[in-house]
Amino acid sequence: MPAPIRLRELIRTIRTARTQAEEREMIQKECAAIRSSFREEDNTYRCRNVAKLLYMHMLGYPAHFGQLECLKLIASQKFTDKRIGYLGAMLLLDERQDVHLLMTNCIKNDLNHSTQYVQGLALCTLGCMGSSEMCRDLAGEVEKLLKTSNSYLRKKAALCAVHVIRKVPELMEMFLPATKNLLSEKNHGVLHTSVVLLTEMCERSPDMLAHFRKLVPQLVRILKNLIMSGYSPEHDVSGISDPFLQVRILRLLRILGKGDDDSSEAMNDILAQVATNTETSKNVGNAILYETVLTIMDIKSESGLRVLAINILGRFLLNNDKNIRYVALTSLLKTVQTDHNAVQRHRSTIVDCLKDLDVSIKRRAMELSFALVNGNNIRGMMKELLYFLDSCDPEFKADCASGVFLAAEKYAPSKRWHIDTIMRVLTTAGSYVRDDSVPNLIQLITNSVEMHAYTVQRLYKALLDDISQQPLVQVASWCIGEYGDLLISGQCEEEEPIQVTEDEVLDVLEGLLVSNLSSPVTRGYSLTAIMKLSTRFSSVNRIKKVVSIYGSSIDVELQQRAVEYNALFKKYDHMRPALLERMPIMEKTASNGPTEIVQTNGEAEPSVVEPKHPPPVGQPASQGNDLLDLLGGNDVPVIPTTMPTKPASAGGELLDLLGDLSLGLSLMAFYLFDLFKTVNFLSTGIPPMTAYNKNGLKIDFTFERANPNPNVAVITIHASNSTEADMTDFVFQAAVPKTFQLQLLSPSSNVVPALNQGTVTQVIRVLNQQKQQLRMRIKLTYIHKGSAVQDLAEVNNFPPQSWQ
Amino acid sequence: MRFLLLFSRQGKLRLQKWFTPITEREKKKIIRDMTTLVLARQPRSCNFLQWKDLKIIYKRYASLYFCLAVENQENELLALEVIHRYVELLDKYFGNVCELDIIFNFEKAYFILDEFLMGGEIQETSKQMVNRCIEASDMLQEVRCTGTNAHMDLNHTRSIVISHVVFICLFAGVGILKRLGFWCFTKQ
């Protein structure tokens, strides 16, 4: 068998291959040769073959058949063999293969070898890839070597001990005695590795941390020597003496000083010294300064030192070197929580970094900018951030948009500004906005009541320009559906009102339905919007036509909606106005905010709406009433008050409706916001009652059970006034027996309009733990026709279901 | 430190050092990710990027990219210095090191790395010490088998002569070999 080719030759040959296939062929040939050579158990060439195998492994080819050969090489007496053998072990073997355990004995022997370089090889291999079992077996040897006077071995043993501790933390105690005089070494290699070992021990065990705190003065002294000593050719890097060791010591000091006043005080001076004396022209100096800043921020340093640290970071921000700017932004991000004001001083520089060309820097600057936004700088910051949103790469847009929304929500100086900001984000980065932002935005818009006209107008104009950005389109179509009447009427205080006809609006919405750019969700939104407009516009026929077309749409969701709306037109036309009237303000509950809103939007899949969902009773109804008043229509206001009085039929019809469509509590239920009373009636079955009726003032009580506590009855009072004059300063008070607890929420208003034009509502929550019969005493005060009226009454005719 | 990779501008791997146990498949995936990420960077961008929970520090020297992954609490600027120090060590050893040196002498590059770093930490901060150790280890190598010694630089002719002497003394017995090896080291 001819001698296997040399490594160098093989490399040269493989590099001449022009295609991947050619290379693979050569490698396969060589692998076959190597395999047969291995089979022959040839000691002379084993080393060469394994070296070649390692090369092929680096190219990406499998080399597992060489694992055992590596072990044989390690066991050999020749240094060359051992060198390649250990290298092979580190590259080809790992803990997962049981083969590696066979190494343990060899390593043990080599740890006690007479040549330090062999010992070094063994320590290196153990320290790089030793498994827990190996570490357990050999920890004793490592510990012995840690105490040797040979600095070459000592430093390797220290790092090997670090690895052992990482693998088997329980063995940490074993190395404690050997650490006694590690720091008194002069050799920098040993010093460095000792600091690493001490750091590892302190990070893992609070006891060790406490134990090693006494080393702080020694560490401070070593650091001082490093800084003050003159030029040392061995360790000099650009004029700084052993920066690696300096940084490591600073890191250990950070761990030792964290949370401990005494240690922190002991280090204050040296930290100040390092911070002021280090040469900053080269990267090395800045590396040390960076570590110093990190240490100062973490320990209990005095405020002067902290200010110094932040100023260093500020200087970093102005540095030409990109790396240093990046590092500064990262550190400032960490400190912005604790030292907010200090970081604010550098705000303008940080905002400038948004315009940097480097992607990493831009991202950090963006995160930091959001952290710095507060009530004072919101306008300026938002301008910069929106400009950034316009011009940044797509990978940033989603995060930036979410950040802008969050910041705007927290610190918006005015509602108009808030709406404008949202509009700006939707129009510039509309397609990158997260899906869950849409319901949040809708909720925000409904909450700013006075801005409805302005909002819908702007959204409409935006739609005319561009219908490709789905979140924008969804929000816009929802708003048009809700506030289309405001759009048509052209009443807008904030801006020049635009002249829009009903047909134009319907054109736009229909356009959304047919456009290829619209996603199915968007189509759902626009169909619902069109439907809602049937109560707000007069061109009902057109809407009916559109809706009926989609009754046979391929999209199941659209089809379902269209069919239901058709049914609404045909069979339940009298309910249509009530169902489609203005949405009340949605409360954003902390726990289930988004889901609740999604359901009430009616844009979710037809999941069952639990009747307990309706939010605080008082407000929404009155809002609805106010807006109903705006819309006029005499029959409309009647519904909230009359519905409770003919419960059976309404409920019955509703049940039929539900039965017919067999959808359970269908999408219809979603619109029953104002008819929640009916829904609640259905679910609770408690009939409403008249509590008081005198002098034209009538007070009705409606009931529901509040979940999760079934002992709490929620009563809504509806006060209406059938006289010709308003009742102003209306105050309703209630008292209950001692066994109950009463909570009175705020009323919708204190003016009861005349001639039953509206009602004042107020919510009473009664906790009835003992299930006793509910009794209440009420006191009414109001001003009617110029004179004050006061009345007391007892309410005893509570229906039994309300307190059982 | 978690890993150190060296690769060419075409994405060919020249050296891989892993400081934590990882499966072969994961290693391949990481190598692919790193080469894609680093090679896609603009020429004058900063040398740091965030990848999963690690910080990646990379630097280009001639046609080779040095890519080092460190944990989040480590100092990136110092990592740049670590890369630079390694390049300096290679340069001192090979004399004006170029990519070809590392291709043809990859095992030497590994040996030098193993004298400089161990288990993800720096083991020796003095350039001269590392060089001395490598040279001494080289001298202990018996000349024949791998043929790797043939490529040693002219600067190392002295060590070649001595290694030949060592080879001859092999027959004189292990004890003399040991003593001679030791003597050669102190002579440096």
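Residues numbered from 1 in each chain as written. Chains lettered and ligands numbered in written order. Predicted model: local features only at pLDDT ≥ 70, side-chain atom pairs only at ≥ 80, totals over all residues. Heavy atoms only, no water.

Naming follows an unreviewed UniProt entry, where chain B appears as Adaptor related protein complex 1 subunit sigma 3b of Oryzias latipes. Under the Sequence similarities (unreviewed entry) heading, UniProt states for chain B: "Belongs to the adaptor complexes small subunit family." What the UniProt record of chain B gives under Subunit (unreviewed entry) is the line "Adaptor protein complex 1 (AP-1) is a heterotetramer composed of two large adaptins (gamma-type subunit AP1G1 and beta-type subunit AP1B1), a medium adaptin (mu-type subunit AP1M1 or AP1M2) and a small adaptin (sigma-type subunit AP1S1 or AP1S2 or AP1S3)." (UniProt positions renumbered as here; feature names shortened; annotations may be inferred.)

Chain A goes by AP-1 complex subunit gamma in an unreviewed UniProt entry, where it is assigned to Oryzias latipes. Quoted straight from UniProt, the Sequence similarities (unreviewed entry) entry for chain A says "Belongs to the adaptor complexes large subunit family."

**Some points on the confidence of the model for chain A**
A residue-level look at chain A finds 86% of positions with pLDDT of 70 or above and a mean pLDDT of 81. Considering only residues more than four positions removed or in separate chains, one finds that residues 589-683 of chain A, a stretch of pLDDT under 50, has 134 contacts. (pLDDT = per-residue confidence, 0-100. Contact = heavy atoms within 4.5 Å.)

**Observations concerning the state of the cysteines**
Each disulfide consists of one covalent bond between the sulfur atoms belonging to two cysteines. Under the criterion given, the structure shown has zero disulfides over all chains. Cysteine Cys-135 of chain A is unpaired, with the sulfur of Cys-160 of chain A as its nearest cysteine sulfur at 6.8 Å. (Disulfide = S-S within 2.5 Å.)

**Some points on the pairing of strand β9 (residues 776-784) of chain A**
Here is the key point about a regular strand: its side chains alternate between the two faces of the sheet. All names here are of chain A. Alternating residues of β9 divide into Met-776, Ile-778, Leu-780, Tyr-782 and His-784, all buried, and Arg-777, Lys-779, Thr-781 and Ile-783, none buried. For strand β6 (residues 727-735) and β9, the ladder comprises seven bridges, and the chain directions are antiparallel. Following the sheet pairing, Phe-732 is matched in β9 by Leu-780. For β9 and strand β10 (residues 787-795), the ladder comprises nine bridges, and the chain directions are antiparallel. Across the sheet, Leu-780 pairs through a bridge with Asp-791, a residue of β10. Where β9 hands over to β10, the hairpin turn is made up of two residues, of which Lys-785 adopts a positive phi near 50°. (Buried < 20%, exposed > 50% of the residue type's maximum accessible area, 1.4 Å probe, protein only. Helix = DSSP H or I, 4+ residues; strand = E, 2+ residues; numbered from the N terminus. Pairing = 2+ DSSP bridges.)

**A short note on the side chain of Asn-283 of chain A**
For Asn-283 of chain A, the location among the structural elements is in helix α15 (residues 283-298). One polar contact links the side chain of Asn-283 of chain A to the main-chain carbonyl oxygen of Leu-77 of chain B, over a distance of 3.2 Å. In this structure the side chain of Asn-283 of chain A is engaged in a polar contact, spanning 3.0 Å, whose partner is the side chain of Glu-81 of chain B. Apart from residues lying up to four places away in sequence, Asn-283 of chain A is in contact with Leu-77, Leu-80 and Glu-81 of chain B. (Polar contact = N/O pair within 3.5 Å; in protein donor to acceptor, adjacent residues only side chain to side chain.)

**Observations concerning helix α22 (residues 394-411) of chain A**
The end-to-end C-alpha separation of α22 of chain A is 26 Å, in line with the 26 Å expected for 18 residues at 1.5 Å each. Looking at the buried residues of α22 of chain A, the elements they touch are α20 (359-372), α21 (378-391), α23 (415-429) and α24 (437-447) of chain A. (Expected span 1.5 Å × (residues − 1).)

**Brief notes about the packing of α22 of chain A against α23 of chain A**
Residue and element names in this part refer to chain A. Where α22 contacts α23, the two axes come as close as 10 Å, and the packing angle between them is 175°. The orientation of α22 with respect to α23, classified from their angle, is roughly antiparallel. Contact with α22, carried on its side by Lys-397, Ala-401, Val-404, Phe-405, Ala-408 and Glu-409, involves Trp-417, His-418, Thr-421, Ile-422, Val-425, Thr-428 and Ala-429 of α23 and no other residues of that element. Its residues placed into classes, the contact of α22 with α23 shows eight nonpolar, three polar and two charged. (Axes fitted to C-alpha atoms, helices over the stretch in contact; angles between N-to-C directions. Parallel < 35°, antiparallel > 145°, perpendicular 65-115°, else oblique. Nonpolar A, V, L, I, M, F, W, Y, C, P; charged D, E, K, R; others polar.)

**Quick word on the packing of α20 of chain A against α22 of chain A**
All names here are of chain A. Close contact between α20 and α22 brings their axes to 10 Å; oriented N to C, the two are set at 10°. Between α20 and α22, the angle is such that the two are roughly parallel. Only Glu-395, Phe-396, Asp-399, Cys-400, Gly-403 and Val-404 of α22 make contact with α20, whose side of the interface consists of Val-359, Lys-362, Arg-363, Met-366 and Phe-370. Taken together, the residues that form the contact of α20 with α22 break down as six nonpolar, one polar and four charged.

**Re the environment of Asn-49 of chain A**
Residue and element names in this part refer to chain A. Relative to the helices and strands, Asn-49 is located in helix α3 (residues 43-59). Overall, Asn-49 belongs to the buried group, its relative accessible area being 1%. As for Asn-49 and Ile-5, which are separated by 44 residues in sequence, their C-alpha atoms are 8.5 Å apart. Among residues more than four places away in sequence, those in contact with Asn-49 are Pro-4, Ile-34, Ser-37 and Phe-38.

**Section: the pairing of strand β4 (residues 54-61) of chain B**
Residues and elements named next belong to chain B. A large share of β4 lies buried, amounting to six of its eight residues. The loop that links strand β3 (residues 48-51) with its antiparallel partner β4 comprises two residues; one of these, Lys-52, has a positive phi angle of about 50°. The pairing of β4 with strand β5 (residues 64-70) spans seven bridges and is classified as antiparallel. Of the residues in β5, the one forming a bridge with Tyr-58 is Cys-67. Adjacent in sequence and paired antiparallel, β4 and β5 are bridged by two residues, among which Ala-62 carries a positive phi angle near 50°.

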